[in-house]
Amino acid sequence: MELKVVYRGLRQVSDWALGFYSEIYVDGQENVPGDGPVIITPCHHNELLDIATLSITIPYGRPVCFWAKSTMFKNPLTGAILLSSGSIPVARNPNSTPAPGEEPSALHEALFRDTFRALDREEVIGVFPEGTSYTEPGIVQVKDGASRAALEYVRWAKETRGGQGKKVQIVPVGIVYTDKSQYQSRVCVRWGKPIDVEAFAEELLAADSESGLELDSRSVIKALTAEIEKRMLDLTINAPDWDTLHTIEAARDILWDDKEHIDGSHFVWISQNLISLFTDPQAAPSVTKARQSLLKYHSLLNYSGISHASLWGILPDPAVRPSRIHALGIFARHALTTVLHPRFALFLPALVLHVPAYACGLLADRLFSNRDWEETRAQFKAIFGGIAASVAYAGVTTAIVRQLVHDTPGILGKVKTPSFATPALKALWVAGRWFFVGGNGLSGRARAAAGVFGIFYATSFVISRWHNYWVGSNALRRLKRLFASWKVFVGILSPHSGDLQGDALAPYTVPYIPPPNPYIKRRNAENATERALLPPAPSVPSRKLIRPLMEARSEATRALWSFLVDSKFLRGLVTAKMRGEAWMQVAPAT
């Protein structure tokens, strides 16, 4: 099987899977050369969807030969697909560097032999230097595998090719998700400036030439790894701990109403600047109150199952405490403007056809994903949701084919169409019938098979685009606001005595921290706090948290703006807002 055929097939599947996200913003494509040997070193925080994202966004459509765990090759079918797509098997701990005089293992030799051959063909090698996929407040480990492969390739090329040919480059990549397990959130892909491996290898090669011996390369490998890590940190969002990350998420939501409003080109920059603001040792004393209030608000949002964007959409003013009549009016207004809006009527058929996809995605998330490892959730939602959607498309295809075979339009004939479109629809029907009137011979069956495939492809294309168009035109956002307005109404309608208060409320005001990932070697053990060993608070009806949520939102908003005033950030924020800029300055005003 040809490499490009298999790879292109998988890339098409990747393109479909990435429909889980509403937008993929790509930056720095000019940093990836159109030819020559390249090693890309992306962060790895979303399992298979990271691979799909890289395959779709890499400039020039260059195929990527990914390093993959050797255990994935044991299954004959999976192994054949991986090998045919150019993947290279990696044994456990390929990142360890042998000391001088120590013989590398046979598995290491096979890994680097295959890698060198691919680089010699001027292909792209994909190495996730973190070694595993994980969800943490930032990048916590970068291993030596990519840097060792690059430096050893330079040495190998000098010995076998006399140093001739194009130089290998390392291109770091940052993949940042606005909310990676949330359907129709966004992805920011940032291709960093290439690292000149030759500059790191010069000293090593010169020393080899002078001594005639292969010297210890570990110090050079560590230096190159440190440079890769530095570039990756610059391309991604990195907080020192979970509390800081949750704090800036709540602050970002309050400042921009909805994080999806932030332009993709500024999302990482704004988020990292907010982290710097809240972790500044010289920060104003009001930072403590702001952090506490924002963390409380963030936690109550999660436990109540309401997003800040939805809450802001139904109650823009955080100071408002809706009465029961007001809450009923809000719900009634959103119900009428959502369900009775012409947009919803046009969206409803596509929504019904995709109900199996939504249901299977959510069911797979519950059954197969690890609730503490967020990176497992999006891939199961996307994969199983995509399979269910394909089954729905196949059902529509079957119905259409059956009507074409029997030449009975059925329900399609009852659809009222404009008179000007009738001739075109009749011609389309005749063309479709042609595929199924060829008899039972070989040519007739081939024609029928082509017809079924064509109808399935056209049906999938039209229905998926139909669904995605209305989802992108605020239909999904309106539904979320409708559900949020219902929760608020039920919460306000409930008696005050039913609200959680005091000690009963306390566990819900502290964000849950997932337990440490066992596959990560932490450099700072103190990052794994005692709270990471505690289970999440028990599930409660959202109505018990609505009034505390309203109070927390108001308190967090006041505390945030008070801190911004004390930090002299207010003037820059307001100035940018008044200018009508799409993003607001998050830096001290000048």
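Residues numbered from 1 in each chain as written. Predicted model: local features only at pLDDT ≥ 70, side-chain atom pairs only at ≥ 80, totals over all residues. Heavy atoms only, no water.

*Asks:* Lay out the pattern of salt bridges with the relevant residues and their values.
*Replies:* One pass over the structure, following the stated rule, counts 14 salt bridges. Notably, a salt bridge pairs Lys-230 with Asp-234, separated by 3.7 Å at the nearest N-O pair. Of this pair, Lys-230 and Asp-234 both sit in helix α7 (residues 218-235), 4 residues apart, roughly one helical turn. Look at Lys-230 and you get partly exposed, because its relative accessible area is 47%. (Salt bridge = Lys/Arg side-chain N within 4 Å of Asp/Glu carboxyl O. Helix = DSSP H or I, 4+ residues; strand = E, 2+ residues; numbered from the N terminus. Buried < 20%, exposed > 50% of the residue type's maximum accessible area, 1.4 Å probe, protein only.)

*Asks:* An account of a nonpolar patch on the surface is requested, with residue identities and associated values reported.
*Replies:* On the surface, a cluster of nonpolar side chains totalling about 740 Å² of accessible area is made up of Leu-48, Leu-363, Leu-367, Phe-368, Ile-383, Phe-384, Ile-387 and Val-391. Of all the secondary structure elements, the ones that give two or more residues to the nonpolar patch are α14 (355-368) and α15 (375-406). Looking at the nonpolar patch, the element that brings in the most residues is α15, giving 4 residues. Note that Leu-367 resides in helix α14. (Patch = residues over 30% accessible without salt bridge, like charges linked within 9 Å, V, L, I, M, F, W, Y side chains within 5 Å. Areas by Shrake-Rupley, 256 points an atom, 1.4 Å probe, with all protein chains shown as cover.)

*Asks:* Could you give me a rundown of unusual backbone geometry, with the residues and numbers involved?
*Replies:* Phi at Glu-47 is positive, roughly 50°, even though this residue is not glycine. Structurally, the position occupied by Glu-47 is in helix α2 (residues 47-57). A positive phi angle, near 55°, is found at Asp-407, a position not held by glycine. Along the chain, the position of Asp-407 falls in the loop between α15 and α16 (422-434). Accessibility expressed as a relative area gives 42% for Asp-407, which makes it partly exposed.

*Asks:* Explain the confidence of the model for the chain to me, using residue names and the numbers behind them.
*Replies:* Predicted coordinates in regions of low pLDDT should not be interpreted in detail. Mean pLDDT over the chain works out to 87, with 87% of the residues at or above the 70 mark. Put simply, helix α20 (residues 570-578) is where the chain has its lowest mean pLDDT, 51, and strand β2 (residues 38-42) is where it has its highest, 98. The low-confidence segment residues 99-103 (pLDDT under 50) makes 3 contacts with residues lying over four places distant or belonging to another chain. Low pLDDT, under 50, characterises residues 577-590; the predicted model gives this stretch 30 contacts beyond four residues in sequence or across chains. (pLDDT = per-residue confidence, 0-100. Contact = heavy atoms within 4.5 Å.)

*Asks:* Explain the packing of α15 against α16 to me, using residue names and the numbers behind them.
*Replies:* Between α15 and α16, the shortest axis-to-axis distance is 9 Å and the interhelical angle comes to 85°. By the criterion of interaxial angle, the relationship of α15 to α16 is roughly perpendicular. Across the interface between the two elements, Gln-403, Leu-404, Val-405 and His-406 of α15 pack against Trp-429, Gly-432 and Arg-433 of α16. Of the residues assigned to the contact of α15 with α16, the class counts are 3 nonpolar, 3 polar and 1 charged. (Axes fitted to C-alpha atoms, helices over the stretch in contact; angles between N-to-C directions. Parallel < 35°, antiparallel > 145°, perpendicular 65-115°, else oblique. Nonpolar A, V, L, I, M, F, W, Y, C, P; charged D, E, K, R; others polar.)

*Asks:* Give a detailed account of the nonpolar core, specifying residues and quantitative values.
*Replies:* Ranked by internal contacts, the top residues of the largest apolar core, which has 68 residues, are Ile-39, Ile-40, Trp-67, Ile-125 and Trp-191. Setting aside chain neighbours within four positions, we find Ile-39 in contact with Leu-119, Ile-125, Val-127, Ala-146, Ala-150, Val-168, Gln-169, Ile-170 and Val-171. Counting 52 residues, the second largest nonpolar core, distinct from the first, contains Cys-188, Ile-237, Ile-275 and Ala-290. (Core = buried A, V, L, I, M, F, W, Y, C linked by side-chain atoms within 4.5 Å.)

*Asks:* Help me get a handle on the environment of Thr-337, residues and values and all.
*Replies:* With respect to the element layout, Thr-337 can be found in helix α12 (residues 324-339). Among the residues examined, Thr-337 registers a relative accessible area of 32% and is labelled partly exposed. Separated by 145 residues in sequence, Thr-337 and Leu-482 place their C-alpha atoms 9.3 Å apart. Among the polar contacts made by the side chain of Thr-337, one reaches the main-chain carbonyl oxygen of Arg-333 at a distance of 2.8 Å. (Polar contact = N/O pair within 3.5 Å; in protein donor to acceptor, adjacent residues only side chain to side chain.)

*Asks:* Mind laying out the pairing of strand β3 (residues 64-69), listing which residues take part and the relevant values?
*Replies:* Counting buried positions along β3 yields 5 of 6 residues, so the element is predominantly enclosed. Sheet topology note: the β3/strand β5 (residues 124-126) ladder contains 3 bridges and is parallel. In the strand pairing of β5, Phe-66 is matched with Gly-126. The sheet contact formed by β3 and strand β4 (residues 88-90) spans 3 bridges and is parallel. The partner of Trp-67 across the bridge, within β4, is Ile-88. The handedness of the β3 to β4 crossover, carried by helix α3 (residues 76-84), is right-handed. (Pairing = 2+ DSSP bridges. Right-handed = clockwise from strand over helix to strand, strands pointing away.)

*Asks:* Go over the packing of aromatic side chains, please, and point to the residues and values.
*Replies:* Overall, the coordinates contain 21 aromatic pairs when judged by the stated rule. Plain terms: the ring middles of Phe-368 and Phe-384 are 5.3 Å apart, the flat faces sit at 20° to each other, and that makes the pair stacked. Here Phe-368 is found in helix α14, whereas its partner Phe-384 is found in helix α15, with 16 residues between them in sequence. On the numbers, 4.9 Å between centres and 80° between planes, the contact of Tyr-469 with Trp-470 is edge-to-face. Note on Trp-470: relative accessible area 15%, which makes it buried. One aromatic cluster is present, formed by Phe-20, Tyr-21, Tyr-177, Tyr-183 and Tyr-358 through successive ring pairs. (Phe/Tyr/Trp six-rings, centres within 6.5 Å; stacked < 30°, edge-to-face > 60°.)

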